[in-house]
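In case you want the letters, here they are:
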Amino acid sequence: MTDLNHWVVGWTDWNLALNATGGPNWSKNFVDSPIIVNPGKDEFYKQPMYYALGHFSAFILPGSVRVHSELSEPFLTLDLESVSFLTPASLSGLPHSIITTVILNKHDSAQTVVIHDPAVGYAEHKVQAHSIVTVQYPLPDAAES
């Protein structure tokens, strides 16, 4: 999320699929990957990172633009991160634009967050411990400009 909040426009996972020992790897620094391949059994296993990447891909459409969002007290100290995007109506397939906010809770307990958008008001949402949640809402046409 840090990268998304600092204007990254693309991201590639260098090791999308590796074997059970973290290879093959030319530099011998055996690591984890979103997909682990077991060629001996002709199987593959989807790791948690696979689903995290899929979560972002499902909700943040190509052409969406990151918009300013920030955490305020008391959330700054609770292992929460967030990033927000505007998807224009022309890309959303809907008659209105959409704001998408992704919230990551790295804390050991659930956290209740309040999302405030001056164009639409307030929304309270409980984010479970160690989870990623996406909140989407329509943006009034007048608020896009």
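Use the structure listed above.
Note that the structure is predicted; figures quoted are calculated from it, not measured.

Asks: Requested: an account of the overall build of the protein chain, with residues and values cited.
Replies: When helices and strands are tallied, the protein chain shows three helices and nine strands. Ordering the α and β elements of the protein chain from the N terminus gives α-β-β-β-α-β-β-α-β-β-β-β. For the protein chain, the spread of C-alpha atoms along the three principal axes comes to 55 × 35 × 25 Å. Relative to its full complement of 145 residues, the protein chain shows a buried share of 32%. By sequence separation, contacts in the protein chain at least 24 residues apart represent 40% of the contacts at least 6 residues apart. Surface accessibility of the protein chain: about 9400 Å² in total, with carbon and sulfur atoms responsible for 59%. Looking at charge distribution, the protein chain has the averaged site of its 6 positive side-chain charges lying 11 Å from that of its 14 negative ones.

Asks: Any details on the side chain of His55? Residues and values, ideally.
Replies: Inspection of the secondary structure assignment puts His55 in helix α2 (residues 48–59). Excluding its chain neighbours within four sequence positions, the residues that come into contact with His55 are Val102, Ile132, Val133 and Thr134.

Asks: So what's going on with the pattern of salt bridges? Which residues, and what values?
Replies: A side chain of one charge can pair with a side chain of the opposite charge when the charged atoms of the two come close. Tallied over the entire structure, the rule returns one salt bridge. For Lys106, the salt bridge goes to Glu81, with nearest N and O atoms at 2.7 Å. Taken as a pair, Lys106 in the loop between β6 (97–105) and β7 (111–117) and Glu81 in strand β5 (residues 80–87) lie far apart in primary sequence, 25 residues in all.

Asks: I'd love a proper account of the side chain of Ser33, names of residues and values included.
Replies: Mapped onto the secondary structure, Ser33 falls in the loop between β1 (17–19) and β2 (35–38). Looking at Ser33, the relative accessible area reads 3%, which means it is buried. There is a polar contact of 3.2 Å between the side chain of Ser33 and the backbone nitrogen of Leu18. Reaching out from Ser33, the side chain makes a polar contact with the backbone oxygen of Ile35 at a distance of 2.6 Å.

Criteria and thresholds
Residues numbered from 1 in each chain as written. Predicted model: local features only at pLDDT ≥ 70, side-chain atom pairs only at ≥ 80, totals over all residues. Heavy atoms only, no water. Helix = DSSP H or I, 4+ residues; strand = E, 2+ residues; numbered from the N terminus. Buried < 20%, exposed > 50% of the residue type's maximum accessible area, 1.4 Å probe, protein only. Contact = heavy atoms within 4.5 Å. Areas by Shrake-Rupley, 256 points an atom, 1.4 Å probe, with all protein chains shown as cover. Lys, Arg positive; Asp, Glu negative; His and termini not counted. Charge placed at Lys NZ, Arg CZ, Asp CG, Glu CD. Salt bridge = Lys/Arg side-chain N within 4 Å of Asp/Glu carboxyl O. Polar contact = N/O pair within 3.5 Å; in protein donor to acceptor, adjacent residues only side chain to side chain.

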